[in-house]
Amino acid sequence: MLKRTLLYLFLFCTSALLPYQTTAQKQDLSYYLPDNVQLNPAIPTPDSVLGWGVGEWHVSHDKLVEYMQVLARASDRIQIQTTGYTHERRPLLLLTITHPNNQPRLQEIKQKRQQLVNNPQSISDAELARLPAVSYMGFSIHGNEASGSNAALLTAYYLAAAQGPEIEQMLQDVVVLLDPAFNPDGLQRFSSWVNAHKSKNEVSDPQNRELNEAWPRGRTNHYWFDLNRDWLPVQQPESQARLKIFHDWKPNVLTDHHEMGAGSTFFFQPGVPSRNNPITPEATYKLTKAIAQYHVEALDAIGSLYYSEEDYDDFFYGKGSTYPDVNGAVGILFEQASSRGHAQESSHGILRFPFTIRNQFTTTLSTLKATHALKQRLLEHQRWFYQSAQKEAAADPEKGYVFGAAGDAARPLELVEMLKRHQIEVHKAAEAPTVQGNKISRENSYVVPLNQPQYRLIKAIFETRKSFTDSLFYDISAWTLPLAYNLPYKALDRRELSRLMGEKVENAQLPPGTVSGGMSNYGYLLPWQPLYAPRALNQLLQENLRLRVITEPVQHAGTTFGRGSVWIPLQSQDIGADSLYSLVNRVAAQNNLQIQSVTSGSTGGVNLGSPSLLSVTQPKVMIAVGDGVTSYDAGEIWHLLDQRYDIQHSLVPMERVRSADLTRYNVIILPDGYYGSAVDAIPALREWLREGGTLIGLQGGARWMAQNGLSNAKYKKTQNQDSLRGPQPYASLSQRRGAREMGGAIFQAAADTTHPLLWGYTTPNVSLFRTNTHVLEATNSLYAHPLRYTQNPVQAGYVWPGHLESLRGTPAVQISSIGRGRAIVIPDNPAFRAFWRGSERILINAIFFGPLIDSRSTR
């Protein structure tokens, strides 16, 4: 009995220690590389530069760069270039890898590929056969999905060192563009974390600190943006550099290497067939499926489990695996089960980092093999894609689009800049167009003809799709860019296009502003409608000027200055007329503003000494961050204030709010999140509000305010019932539940433009982006809801009918008075992914003008 007890005890202890092997696992190159491959000994191996074997540690970005530079110096197959820099000034690298015979003619190859896109019928079959295919391999756009960038070490080494007729021929026929780290800042953040918490002895316990990153984690870039949602908006420097390379080369295949949960296996596209974007030709999906067979063969050969045509989709063109599909290429998503650190327990056993790297590396080679074997088919597809786009454009009754804005040059021009990044041709308007019943100045209007190579992408950018074959989406279901900028636009027929299309836009840079009327000995009027007027206001406040905001329109020198316009009087300033003029002139130039010199306080409307003009003070902003706060949304606000408006702010963790000196701030912003652990902060925030602070809550932050007495707002109960009754098939459960999610759609809200939160808007409606199902209840107040969803609010995207019914006519904002303070609840994200520029003014107005809202309006 004693022996049996000791045996059971031994077995129990042994099994309990299985995740904790005596040493961290090491693998030499033979574990990763194909069998029987000959290697050039003159090419440095990764371990010879790093000092450790691939997979033993997580490569940091600086070491990754070092190895790629060493490799490029050693191999005549590689050219290396820096394509740009991240926010943290890390270099973005591109390795162009091909046969040495191709290296001198890379420019010629690029030019021929541009011809293939822009004039496809001019490329003969013989020329097409001689043209190399291009495979663009991108790794770890999510920095904490690091098996990709670590596999890039092996891919670059193999392509430089492998020898023999097979690899020589492949590199003769294929140009490989290798970006070893799509997200250098996130990769560096993540590698520092896991390496700092790695033990000598392997620990695979999922609760171990190594496997649980601190907020905000390494997935995102410096400003906590998901770069794999930025291929279409192109708001971040990493994306802008990457997109330029994409369009310089026009690749045939682009791979995007990711990770997923530890309990999964390995995914490769195609995705769910019913969730393909209908603008993408069916031929693209057939090619994707043909390439998939090479992944099947490669993963079978090493005994790895995998799956395809489930979970992921090809709908939103802002992702790296979908954007190529609307550009004549094939995008391929790889998702590897993540070890997260160096080893992690999973339902398949202990998942180790080297294993995840091997799968990623294996599929880079299978992609290369597929690109080579299907070279002619891929090139013919690319030629056909652009030829068929010409035919579809000719048959389309819509021949183009016109958009613009009255009184604001910046918003339409920034959309033009975005379009041009996608190689979309844009023209100035030849005359002032009438759009949605409004005349728009010719200077601020632009025309996009559809008869150009990017026909399909233009349709995707301007369409307002509301019907879908599937009700599940991996990401957002709509992204109409003119609506994102809150710009009036319309489709044009052939006659309208011919009349309106003027000269081609070559430079999308904003012209400098001016001060009309020269120096004044009285003061200046700054209009509030232009996009960068808030930045100008902030710059003036930073100079300690005493400023007033106009609450009723005034007319001066033939111009109407609407509510929110800023009066800059000479009287009461601490500087003289010359210095004030110099400052105002500089601010106007930097912000594309037409500031008006004023010589008298008597204007059309109220006089400039009227008590209706209210003092505006410099905002001192705190943004809540840390555990419980959604880093994406916090990052979007951080980016908005820091990059767009130069508004100084503090990022303060919620767990510190209870003991923080909140008197340093007059504005506190609570981004989206789940604030359950922040209960200790409630008394401090309530007291701060009572003393006159402005508390702004967005999405989950807004709901938390309402739930905890920091706002008078109330929310409707979520409607989860649908019209189906009686028993339903078990297999339909996931589909039905998923259909009720709000992945992302566009809604119209009616705006009271006389309210401080809507100052600067000139149209009666604002387009809002919504990603949640939180719905505010209307109160009895006549003035507390200056923005309401219309009765038919859906402008584009999928919306579950039950949610739509709940949303009709409800408030899109609510203002409450708490003591002397203002609590502003916004159930949506007005700064969504940095490209929803048309609604960001609501948040900016809340920051500057929240304290000016009359408390009587909130009762």
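Residues numbered from 1 in each chain as written. Predicted model: local features only at pLDDT ≥ 70, side-chain atom pairs only at ≥ 80, totals over all residues. Heavy atoms only, no water.

Chemist: Can you lay out the overall build of the protein chain for me, pointing to particular residues and giving the numbers?
Modeler: Summing up its helical and strand segments, the protein chain has 25 helices and 35 strands in all. Computed over C-alpha atoms, the radius of gyration of the protein chain comes to 29 Å, within 12% of the 29 Å expected from 2.2 N^0.38 for 859 residues, which places it in the range of a compact globule. Its C-alpha atoms give the protein chain principal-axis dimensions of about 90 × 85 × 65 Å. Every one of the 859 residues in the protein chain was classed for burial, and the buried ones make up 60%. Taking the intrachain contacts of the protein chain between residues at least 6 apart in sequence as the baseline, contacts between residues at least 24 apart amount to 79%. (Helix = DSSP H or I, 4+ residues; strand = E, 2+ residues; numbered from the N terminus. Rg over C-alpha atoms; globule rule 2.2 N^0.38 Å. Buried < 20%, exposed > 50% of the residue type's maximum accessible area, 1.4 Å probe, protein only. Contact = heavy atoms within 4.5 Å.)

Chemist: Pulling in residues and values, what's your account of the packing of aromatic side chains?
Modeler: The geometry of two aromatic rings is summed up by the distance between their centres and the angle between their planes. Summed over all chains, the structure comprises 37 aromatic pairs. Relative to Y323, the ring of W231 lies with its centre 5.8 Å away and its plane at 35°, an arrangement referred to as tilted. Taken together, the residues W231 in the loop between α9 (184–196) and α10 (237–249) and Y323 in the loop between α11 (282–301) and β9 (330–337) connect sequence positions 92 residues apart. Under the relative-accessibility criterion, Y323 is labelled buried at 0%. Taking the centre distance of 6.1 Å and the plane angle of 85° together, the rings of W528 and F848 count as edge-to-face. (Phe/Tyr/Trp six-rings, centres within 6.5 Å; stacked < 30°, edge-to-face > 60°.)

Chemist: Please set out the sheet that holds strand β3 (residues 91–97) residue by residue, giving values where relevant.
Modeler: Spatially, seven strands are ordered β2-β3-β6-β4-β7-β9-β8 in an open sheet, and the strand pairing comes out mixed. Looking at the sheet topology across the chains shown, the edges are occupied by β2 (78–85) and β8 (266–268). On average, adjacent strands in this sheet sit at an angle of 20° to one another, irrespective of strand direction. Judged from the three bridges that link them, β8 and β9 form a sheet pairing that is antiparallel. Bridge assignment links F268 to a residue of β9, and that residue is F334. (Pairing = 2+ DSSP bridges. Axes fitted to C-alpha atoms, helices over the stretch in contact; angles between N-to-C directions.)

Chemist: Account for the environment of D47, with residues named and values stated.
Modeler: Assignment of secondary structure puts D47 in helix α3 (residues 46–50). Separated by 334 residues in the primary sequence, D47 and H381 place their C-alpha atoms 40 Å from one another. If near-sequence neighbours (up to four positions away) are discounted, D47 is found in contact with W52 and G53.

Chemist: Quick rundown of the pairing of strand β28 (residues 649–653)? Include the residues and the values.
Modeler: Remark: a regular strand shows side chains that alternate across the two faces of the sheet. Where strand β27 (residues 621–625) meets β28, five bridges bridge the pair, whose relative direction is parallel. Paired with M622 across the strands is S650, a residue of β28. For the handedness criterion, the β-α-β arrangement of β27, helix α20 (residues 631–644) and β28 is classed as right-handed. (Right-handed = clockwise from strand over helix to strand, strands pointing away.)

Chemist: Can you explain the sheet that holds strand β31 (residues 745–751)? Please cite residues and give values.
Modeler: Spatially, the three strands line up as an open sheet ordered β32-β31-β33, and their pairing is antiparallel. Each of the sheet's edge strands pairs with one partner strand only, and the pair in question is β32 (765–770) and β33 (787–796). Averaged over neighbouring strand pairs, the angle between their axes works out to 35° when direction is ignored. Of the strand pairs in this sheet, β31 and β33 are connected by five bridges, and their pairing is antiparallel. Bridged to I746 within β33 is A796.

Chemist: Lay out the side chain of S520 with the relevant residues and their values.
Modeler: Structurally, S520 is set in the loop between β19 (514–516) and β20 (523–526). Here Y522 takes part through its backbone nitrogen, which lies 2.8 Å from a polar atom of the side chain of S520. (Polar contact = N/O pair within 3.5 Å; in protein donor to acceptor, adjacent residues only side chain to side chain.)

Chemist: Give a detailed account of the pattern of salt bridges, specifying residues and quantitative values.
Modeler: Tallied over the entire structure, the rule returns 35 salt bridges. Across the pair R105 and E108 runs a salt bridge, and its minimum N-O distance is 3.7 Å. Of the charged contacts in the structure, one is a salt bridge between E202 and R352, with a shortest N-O distance of 2.9 Å. Here E202, found in the loop between α9 and α10, pairs with R352, found in strand β11 (residues 349–352); they are 150 residues apart in sequence, far enough to count as distant. When its relative accessible area of 6% is taken as the criterion, E202 is described as buried. The network of salt bridges with shared partners includes E145, R219, D226, R229, D475 and R833. (Salt bridge = Lys/Arg side-chain N within 4 Å of Asp/Glu carboxyl O.)

Chemist: Explain unusual backbone geometry residue by residue, including any values.
Modeler: The bulk of non-glycine residues show a negative phi, and the bulk of peptide bonds are trans. Residue P216 is bonded to the preceding W215 through a cis peptide linkage, with omega at 5°. Take P216: it is sitting in the loop between α9 and α10. With an omega of 25°, the peptide bond running from Q269 to P270 counts as cis. For P270, the position within the fold is in the loop between β8 and α11. A positive phi angle, near 55°, is found at A557, a position not held by glycine. You can see A557 is positioned in the loop between β22 (554–556) and β23 (559–561).

Chemist: Outline the packing of α11 against helix α13 (residues 375–395), listing residues and values.
Modeler: As a packed pair, α11 and α13 sit with axes 11 Å apart at the nearest point and diverge in direction by 165°. Taken together, the axes of α11 and α13 are roughly antiparallel relative to one another. Handedness of the α11/α13 crossing: left-handed. Contacts between α11 and α13 involve A283, T284, K286, L287, A290 and I291 on the former and, on the latter, R377, L378, H381 and W384. For the contact of α11 with α13, the per-class residue count stands at six nonpolar, two polar and two charged. (Parallel < 35°, antiparallel > 145°, perpendicular 65-115°, else oblique. Left-handed = near helix turned anticlockwise from the far one by under 90°. Nonpolar A, V, L, I, M, F, W, Y, C, P; charged D, E, K, R; others polar.)

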